[in-house]
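Residue-level structure breakdown
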Amino acid sequence: MGGLVNEDKSKVTTNSFLRSLAWQMAQLHSGILSAALDVAAKWQDATISKAGHNPVWQRLYLRSLLQLPLMK
């Protein structure tokens, strides 16, 4: 994580890691982008950046991204 040199490492959380990973995956696969945008549009709790990592893992990954059939 070389980009953390100039950043405050105390701001790196499990939530931010999960969101960053989803963004990187979305840049490579349009289906993941669509699914992530759908989850974000339906997010009704506190903003996703302020949510705990468990809701992000459950809603974004387990219920959405990890359900997608990925083709090479």
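Refer to the structure printed above.
Scoring rules and cut-offs
Residues numbered from 1 in each chain as written. Predicted model: local features only at pLDDT ≥ 70, side-chain atom pairs only at ≥ 80, totals over all residues. Heavy atoms only, no water. Helix = DSSP H or I, 4+ residues; strand = E, 2+ residues; numbered from the N terminus. Buried < 20%, exposed > 50% of the residue type's maximum accessible area, 1.4 Å probe, protein only. Contact = heavy atoms within 4.5 Å. Axes fitted to C-alpha atoms, helices over the stretch in contact; angles between N-to-C directions. Parallel < 35°, antiparallel > 145°, perpendicular 65-115°, else oblique. Left-handed = near helix turned anticlockwise from the far one by under 90°. Nonpolar A, V, L, I, M, F, W, Y, C, P; charged D, E, K, R; others polar. Expected span 1.5 Å × (residues − 1). Arc of directions from axis to C-beta.

1. Overview of the overall build of the protein chain
The helix and strand tally for the protein chain stands at three helices and zero strands. Ordered by position from N to C terminus, the α and β elements of the protein chain give α-α-α. When each of the 72 residues of the protein chain is scored for burial, the buried share is 22%. Here the analysis covers contacts within the protein chain between residues at least 6 apart in sequence; of these, 67% occur between residues at least 24 apart.

2. Some details on the packing of helix α1 (residues 14-28) against helix α2 (residues 30-42)
Packed helix pairs are specified by the crossing angle of their axes together with the interaxial distance, meaning the distance between the axes. Packing of α1 against α2 leaves a shortest axis separation of 5 Å and a crossing angle of 135°. Taken together, the axes of α1 and α2 are oblique relative to one another. Note on packing geometry: the crossing formed by α1 with α2 is left-handed. Residue-level contacts link A22, M25, A26 and L28 of α1 to S30, I32 and L33 of α2. Among the residues making up the contact of α1 with α2, the classes are represented as six nonpolar, one polar and no charged.

3. Digging into α2
Under the 1.5 Å per step criterion, the end-to-end length of α2 is 19 Å for 13 residues, consistent within 8% with the ideal 18 Å. Considered for burial, the residues of α2 that qualify are I32, A35, A36 and V39. The arc that holds the buried residues of α2, viewed along the axis, is 100°, so those residues lie on one side. Opposite the buried face of α2, at more than 90 degrees from it, the exposed residues are S30, L37 and A41. Packed against the buried residues of α2 are α1 and α3 (53-62).

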